[in-house]
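# Survey of secondary and tertiary structure
As a plain string of letters, each chain reads:
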Amino acid sequence: MNKKDSLLSIVCIIITALIILVVLIGQSLRIESRLVTLPQLKIIEANKNSPIKSVISNDIYSIEKCTFNTETTLIKLNNSTLTTADIGIPILCYHDVNPTKGNDLLLNPDKFRQQMKYLKDNDYSTLTLDELHGYLRENIPIPSKSIVLTFDDGYIGNYTYAFPILKEFGFTATIFMISECVDKDSYLTSNQVKELSEYGIDIESHTTDHSDLTKLSLSEQIDILEKSKHSLENRLNKPVDYIAYPYGKLNNNSKKAAAAAGYKMAFNLEGDYTDKKDNLYNLDRFYIGNSLSMSNFIKIVTLKRN
Ligand SMILES: [Zn+2]
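About the criteria used
Residues numbered from 1 in each chain as written. Predicted model: local features only at pLDDT ≥ 70, side-chain atom pairs only at ≥ 80, totals over all residues. Heavy atoms only, no water. UniProt positions renumbered as here; feature names shortened; annotations may be inferred. Buried < 20%, exposed > 50% of the residue type's maximum accessible area, 1.4 Å probe, protein only. Helix = DSSP H or I, 4+ residues; strand = E, 2+ residues; numbered from the N terminus. Arc of directions from axis to C-beta. Polar contact = N/O pair within 3.5 Å; in protein donor to acceptor, adjacent residues only side chain to side chain. Donors = N, O, S within 2.8 Å, 3.2 Å for Na, K, Ca; no water. Patch = residues over 30% accessible without salt bridge, like charges linked within 9 Å, V, L, I, M, F, W, Y side chains within 5 Å. Areas by Shrake-Rupley, 256 points an atom, 1.4 Å probe, with all protein chains shown as cover. Salt bridge = Lys/Arg side-chain N within 4 Å of Asp/Glu carboxyl O. Core = buried A, V, L, I, M, F, W, Y, C linked by side-chain atoms within 4.5 Å. Contact = heavy atoms within 4.5 Å. Axes fitted to C-alpha atoms, helices over the stretch in contact; angles between N-to-C directions. Parallel < 35°, antiparallel > 145°, perpendicular 65-115°, else oblique. Left-handed = near helix turned anticlockwise from the far one by under 90°. Nonpolar A, V, L, I, M, F, W, Y, C, P; charged D, E, K, R; others polar. Phe/Tyr/Trp six-rings, centres within 6.5 Å; stacked < 30°, edge-to-face > 60°.

As recorded in an unreviewed UniProt entry, the protein goes by the name Polysaccharide deacetylase family protein, listed as coming from Clostridium yunnanense. In its Subcellular location (unreviewed entry) section, the UniProt entry covering the protein states "Secreted".

## Examining helix α8 (residues 252-260)
Here α8 has its buried residues at S254, A257 and A258. The arc that holds the buried residues of α8, viewed along the axis, is 100 degrees, so those residues lie on one side. Away from its buried face, by an angle of more than 90 degrees, α8 presents the exposed residues N252 and K256. One side-chain oxygen at the N-terminal end of α8 lies 3.1 Å from the backbone nitrogen of N253; it belongs to N251. Immediately downstream of α8, the backbone of G262 shows phi near 100 degrees, a positive value.

## Things to note about the coordination of the zinc ion
Surrounding the zinc ion are the protein donor atoms D153 (OD), H206 (NE2) and H210 (NE2), which sit 2.1 to 2.2 Å from the metal. Here the donor residues of the zinc ion are spaced in sequence according to D-x52-H-x3-H. Of this pair, D153 sits in strand β10 (residues 146-153) while H206 sits in the loop between β12 (202-205) and α7 (218-236), and the two are 53 residues apart along the sequence. Each of the two residues, D153 as well as H206, counts as buried.

## Observations concerning a nonpolar patch on the surface
Together, L7, V11 and I15 make up a nonpolar patch on the protein surface, roughly 270 Å² of accessible area in all. Along the polypeptide, I15 turns up in helix α1 (residues 3-33). With relative accessibility at 45%, the residue I15 sits in the partly exposed group.

## A word on the nonpolar core
Of all hydrophobic cores here, the largest spans 68 residues; its most connected members are L92, Y94, F112, M116, L119, L132 and F267. Broken down by element, this core gets its largest block of residues, five residues, from helix α5 (residues 157-169). The residues touching Y94, leaving out its near neighbours within four places in the chain, are L107, F112, Q115, M116, L149, T150, F151, D152, I288 and F297.

## Quick notes on the packing of helix α3 (residues 109-121) against helix α9 (residues 294-302)
Between α3 and α9, whose axes approach to 11 Å, the crossing angle comes to 40 degrees. Accordingly, the angle class assigned to the pair α3 and α9 is oblique. When the axes of α3 and α9 are compared, the crossing they make is right-handed. Mapping the contact onto sequence places Q114, Q115, Y118 and L119 in α3 and M294, F297, I298, V301 and T302 in α9. Of the residues contributing to the contact of α3 with α9, the split by class is six nonpolar, three polar and no charged.

## A word on the pattern of salt bridges
Side chains bearing opposite charge may pair, as long as their charged atoms lie close to each other. Under the criterion given, the structure shown has 12 salt bridges. Note that D223 and K227 form a salt bridge whose closest N and O atoms lie 3.1 Å from each other. Placement of the pair is D223 and K227 together in helix α7, with a separation of four residues, close to one helical turn. The exposure class of K227 is partly exposed, given its relative accessible area of 49%. One salt bridge connects K264 with D241, and the closest N-O pair in it is separated by 3.8 Å. Here K264 is found in the loop between α8 and β14 (265-267), whereas its partner D241 is found in the loop between α7 and β13 (242-244), with 23 residues between them in sequence. With relative accessibility at 14%, the residue D241 sits in the buried group. Residues joined in a network through salt bridges with shared partners are K229, E233, D241 and K264.

## Some points on the packing of aromatic side chains
For the coordinates displayed, the defined rule picks out nine aromatic pairs. Ring geometry for Y94 against F112: centres 5.2 Å apart, planes inclined by 90 degrees, an arrangement best described as edge-to-face. Of this pair, Y94 sits in strand β5 (residues 91-94) while F112 sits in helix α3; the two residues are 18 residues apart in sequence, bridging distant segments of the chain. For the ring pair Y159 and F163, a centre distance of 5.8 Å and an interplane angle of 35 degrees mean the geometry is tilted. Taken together, the residues span about one helical turn, with Y159 and F163 both in helix α5 at a distance of four residues. Residue classification places Y159 among the partly exposed residues on the basis of a relative accessible area of 22%.

Following this line, the structure appears as C-alpha cells:
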C-alpha cells in the first residue's frame with residue numbers, strides 16, 4: 001500500500017465514522033422527541049384513529065410496537081409498568097386517622113403511616129378519581145400497581161394526622177365530605193378543606209347529612225345528592241363529580257339518583273376490588289379500620305394480583 005492509498009483509507013474511515021456519528025445523533029434525537037409523559041399519553045390514547053406505536057429503550061419511553069386501541073396495552077414509563085388490563089383496583093375506605101382510642105373508625109396514625117410506608121416500599125401509585133374514571137371508561141393506562149385512598153365523612157384527623165403522612169410519601173387521596181358538617185365539631189374546617197383541595201387532595205361528596213339513602217324516595221335521594229354536590233362546588237370552586245354512599249348503602253334508586261344529580265361514579269363498601277365490569281354507580285371499596293392487622297392489610301392490597 002503506497003502513501004496515497006493509505007491516505008485514502010484514512011479519509012474513508014473518517015467519513016464512515018462521521019456518517020455513523022450523524023446516524024447515532026439522529027437516532028437519539030428521535031428517541032428524545034418521542035418521550036411522552038402520562039398526560040400526553042392520555043392525548044395519544046384519546047386519538048384512537050391514528051395508531052401510534054411504542055416501545056421501551058432503557059427507562060425512556062419511545063414509540064414503536066404497542067398500538068393504542070381498545071385492547072390491553074402494556075407500556076413502560078420509567079420503572080413503572082402501565083396497563084389498561086382489567087386488573088382489579090383496591091380502593092381503600094378510611095374514616096378518621098387519630099390516636100384517640102375506643103372506636104374502630106379511629107385509625108392510629110402510626111398504623112396509617114406503616115400502611116403508607118408499605119405501599120411506598122412496594123411501588124404502589126395512588127390514583128385520583130379522575131384517573132380511575134379515565135381507566136375504567138376511556139381505557140387510559142394506569143400503573144399496574146395502582147391503589148385508591150379514600151376517607152369518608154371528613155374528620156379533622158384527615159388534616160391533622162393523615163395529610164402530613166400522605167405528603168411525606170407523595171400520595172394523593174380523596175375525602176368524601178358530608179357537606180353540612182364542614183366547620184362542625186371534630187370535622188374539617190372551611191380553611192382546611194380549601195387547603196387540602198388546593199394541595200390536590202380530592203374533596204368529593206358524602207351527601208349533605210349522612211342519610212341512609214335506602215330509606216328515601218328517588219326524588220329525595222336526588223335532592224340530597226344535588227344539594228351536597230352544589231354546596232361543595234361553591235365552596236371549592238371546582239367540579240364535584242364523585243360520591244360515596246353513606247354506610248356504603250344503596251338501592252337501585254341511589255344509582256339513578258347519583259347519575260341524575262350529575263355524578264360520574266359512586267362508591268359502596270362491599271369489600272371487593274373495583275374492576276371494569278362494575279357499574280360506575282356501584283364501585284367496590286374495602287373498609288380499613290383500626291382493628292385490621294398489617295398482614296390482612298397486605299392481603300387486601302396484594303391478593304387480586306396473584
Ligand atoms: Zn360515612
